[in-house]
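Residue strings, one per chain:
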Amino acid sequence: MKEFIKKLPKAELHIHIEGALEPDLMFRLATKNNIKIPYQTIEEVKAAYNFTNLQSFLDIYYAGANVLITKNDFYDMTWAYILKCVENNIIHTEIFFDPQTHTSRGISFDTVILGISEALKDAKEKYSITSNIIMCFLRHLSQEEAFKTFEECLSHKDKIIGIGLDSSELGHPPSKFKEVFQKAKEEGFKLVAHAGEEADYSYIYEALDLLDIQRIDHGVQAINSADLMQRLKDEQIPLTVCPNSNIELKVFDNYKQHNIKKLLDYGLNVTVNSDDPAYFKGYLNDNFINLCENIDLTKEDIIKLIRNSFNSSFISQEFKNEYI
Ligand code: ES4
Ligand code: ZN
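Residues numbered from 1 in each chain as written. Chains lettered and ligands numbered in written order. Predicted model: local features only at pLDDT ≥ 70, side-chain atom pairs only at ≥ 80, totals over all residues.

- Looking at an unreviewed UniProt entry, one finds the protein chain named Adenine deaminase and attributed to Arcobacter venerupis.
- Under the Catalytic activity (unreviewed entry) heading, UniProt states for the protein chain: "adenine + H2O + H(+) = hypoxanthine + NH4(+)".
- Under the UniProt heading Sequence similarities (unreviewed entry), the note attached to the protein chain is "Belongs to the metallo-dependent hydrolases superfamily. Adenosine and AMP deaminases family. Adenine deaminase type 2 subfamily." (UniProt positions renumbered as here; feature names shortened; annotations may be inferred.)

What follows is the structure, given as structure tokens:
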């Protein structure tokens, strides 16, 4: 099964590029940029990656991002992820970035987006890996802050296909961002949102009904509403599920408890993704392998999950036909 998974060409739809910053690059950038990080060794970093919930992870993830200063730093982080795509046979990827994590530290929006997008351009040239960029608002900040960030992204519309919503979920429901998502829709962006990761399924309803999103990031809490399950099935709304993340952040106790097979068997449009691979012990293949080692997924299930990813991506229909 491992070989089967490794060989299949895959797409990834839920990866935070700041979550692909590996400890060794973090150390190198910290030294180069003279930034203090609270670790002496890679072992110390790994020991700190022992999370109890989403917030305990986010605190460490935002601290890690402090080492990113120059355009080249963003390029190097993105390029390192592209090399992982090559290893994992990911031929199309849709990556999230969090501009507010950087602009709040005095790094310009241009520095961030240009570093990321130049690496993705080179990935297309060197490895034929295609990609799209999705800009996320940090939901623990205000809608007013999101509007400011949205204005900044407009001069880079050619590089940004969609808008997403991430960070601390509990207490920050999708309804908080209704107007800025409406504006983004008017400007022609694709829309996605994290919902039903830690918070209950009402956040999924809000993301669908108030933000009018096209994909739900995570969405595993949908299982607690029969009506919502039926709707997700009828409308084939994609769920970008992240198994390693759910285990590391204690959404489920272990892989055997993960509900992905139930969601899939019910007929939902489920995909598998790595979320923050440098923090959650592995890239896309590892997510599939961990599932297979613990849950009875058939080869047909794996193929279905991968097909769902290509089908649910924001690649144009004409190119989709080439992939599927
Ligand atoms: C995230 Cl796992 C997760 N959830 C919400 N926001 C995030 N940002 C990066 N990883
Ligand atoms: Zn995520």
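Structural notes on the overall build of the protein chain
Then, number 1: Secondary structure summary: the protein chain contains 16 helices and eight strands in total.
Then, number 2: The C-alpha radius of gyration computed for the protein chain amounts to 18 Å, which stays within 12% of the reference 20 Å derived for 324 residues, consistent with globular compactness.
Then, number 3: Seen through its principal axes, the protein chain has C-alpha atoms that stretch 50 × 45 × 40 Å.
Then, number 4: Counting only residues that meet the buried cut, the protein chain has 47% of its 324 residues in that class. (Helix = DSSP H or I, 4+ residues; strand = E, 2+ residues; numbered from the N terminus. Rg over C-alpha atoms; globule rule 2.2 N^0.38 Å. Buried ≥ 20, exposed ≤ 12 C-beta atoms within 10 Å, placed from the backbone.)

Quick look at helix α5 (residues 71–88)
Then, number 1: Spanning 18 residues, α5 covers 26 Å between terminal C-alpha atoms, matching the ideal 26 Å at 1.5 Å per step.
Then, number 2: Residues of α5 that are buried: Asp 73, Phe 74, Met 77, Thr 78, Trp 79, Tyr 81, Ile 82, Lys 84, Cys 85 and Asn 88.
Then, number 3: Buried positions along α5 lie against β1 (10–16), α2 (23–33), β2 (90–97), α7 (109–127) and α14 (284–294).
Then, number 4: Positive phi appears at Asn 89, one or two residues downstream of α5, with a value of about 55°. (Expected span 1.5 Å × (residues − 1). Contact = placed C-beta atoms within 7 Å.)

Focus on the environment of Asp 200
Then, number 1: When you line up the elements, Asp 200 lands in the loop between β5 (190–195) and α10 (202–209).
Then, number 2: Taking the C-beta count within 10 Å as the criterion, Asp 200 has 15 such neighbours and is therefore assigned partly exposed.
Then, number 3: When the C-alpha atoms of Asp 200 and Asp 265 are compared, they prove to be 21 Å apart, with 65 residues separating the residues in sequence.
Then, number 4: Not counting the four nearest positions on each side in its chain, Asp 200 is found in contact with Gln 221 and Asn 224.

Concerning the packing of α5 against α7
Then, number 1: Look at α5 against α7: their axes get within 7 Å of each other, and the N-to-C directions meet at 35°. Handedness of the crossing formed by α5 with α7: right-handed. Contacts between α5 and α7 involve Lys 71, Asn 72, Asp 73, Phe 74, Tyr 75, Thr 78, Trp 79, Ile 82 and Val 86 on the former and, on the latter, Thr 111, Val 112, Leu 114, Gly 115, Ile 116, Glu 118, Ala 119, Leu 120, Ala 123 and Tyr 127.
Then, number 2: Looking at the contact of α5 with α7 residue by residue, the class counts come to twelve nonpolar, four polar and three charged. (Axes fitted to C-alpha atoms, helices over the stretch in contact; angles between N-to-C directions. Left-handed = near helix turned anticlockwise from the far one by under 90°. Nonpolar A, V, L, I, M, F, W, Y, C, P; charged D, E, K, R; others polar.)

Section: the UniProt feature "binding site: Zn(2+)" (unreviewed entry) in the protein chain
Then, number 1: The sites that UniProt annotates as "binding site: Zn(2+)" (unreviewed entry) are His 14, His 16, His 194 and Asp 275. Over a stretch of 262 residues, the named residues converge on one spot in the fold, their C-alpha atoms separated by at most 11.7 Å.
Then, number 2: Here His 16 is in contact with Phe 96, Asp 98, Asp 166, Asp 275 and Asp 276, once residues within four sequence places are set aside.
Then, number 3: Note on placement: Asp 275 falls in the loop between β8 (270–272) and α14.
Then, number 4: If near-sequence neighbours (up to four positions away) are discounted, Asp 275 is found in contact with His 14, Ile 15, His 16, Gly 19, Cys 242, Ser 245 and Phe 280.

Let's talk about the sheet that holds strand β3 (residues 130–138)
Then, number 1: In space, the eight strands of this open sheet follow the order β1-β2-β3-β4-β5-β6-β7-β8, with parallel pairing throughout. Two strands bound the open sheet, and with one partner strand each, they are β1 and β8. Strand-to-strand twist in this sheet, taken as the mean axis angle between neighbours without regard to direction, amounts to 25°.
Then, number 2: Relative to strand β4 (residues 162–166), β3 runs parallel, the two being bridged by five bridges. Opposite Leu 138, over in β4, you have Asp 166 as the bridge partner. (Pairing = 2+ DSSP bridges.)

With respect to the nonpolar core
Nonpolar side chains in soluble globular proteins tend to end up buried together.
Then, number 1: Residues Ile 17, Phe 97, Ile 116, Ile 204 and Ala 207 are the most contacted members of the largest nonpolar core, which totals 87 residues.
Then, number 2: Ignoring sequence-local partners within four residues, the contact set of Ile 116 consists of Ile 17, Phe 74, Thr 78, Phe 97 and Ile 133. (Core = buried A, V, L, I, M, F, W, Y, C linked by C-beta atoms within 7 Å.)

A closer look at unusual backbone geometry
Then, number 1: With a phi close to 60°, Ser 128 is a non-glycine residue in the positive phi region.
Then, number 2: For Ser 128, the position within the fold is in the loop between α7 and β3.
Then, number 3: By C-beta crowding, Ser 128 is classed as exposed, having 9 other C-beta atoms within 10 Å.

Here we look at the packing of helix α8 (residues 143–153) against helix α9 (residues 178–186)
Then, number 1: For the pair α8 and α9, the least separation of the axes is 9 Å and the interaxial angle reads 20°. One way to sum up the angle between α8 and α9 is to call them roughly parallel. Facing α8, whose interface residues are Gln 143, Ala 146, Phe 147 and Phe 150, α9 presents Glu 179, Val 180, Lys 183 and Ala 184.
Then, number 2: Looking at the contact of α8 with α9 residue by residue, the classes come out as five nonpolar, one polar and two charged. (Parallel < 35°, antiparallel > 145°, perpendicular 65-115°, else oblique.)

Describing the environment of Asn 53
Then, number 1: Relative to the helices and strands, Asn 53 resides in the loop between α3 (42–48) and α4 (54–64).
Then, number 2: Asn 53 gets classed as partly exposed once you count the C-beta atoms within 10 Å, which come to 13.
Then, number 3: It is 30 Å that separates the C-alpha atoms of Asn 53 and Ile 161, two residues lying 108 residues apart in sequence.
Then, number 4: Discounting chain neighbours no more than four positions away, the residues touching Asn 53 are Glu 198, Leu 249 and Lys 250.

Some details on the pairing of β2
Then, number 1: Extensive coverage of β2 is indicated by the burial of seven of its eight residues.
Then, number 2: Across five bridges, β1 lies against β2 in parallel orientation. Bridge assignment links Ala 11 to a residue of β2, and that residue is His 92.
Then, number 3: Of the pairings in the sheet, the one linking β2 to β3 comprises six bridges and is parallel in character.

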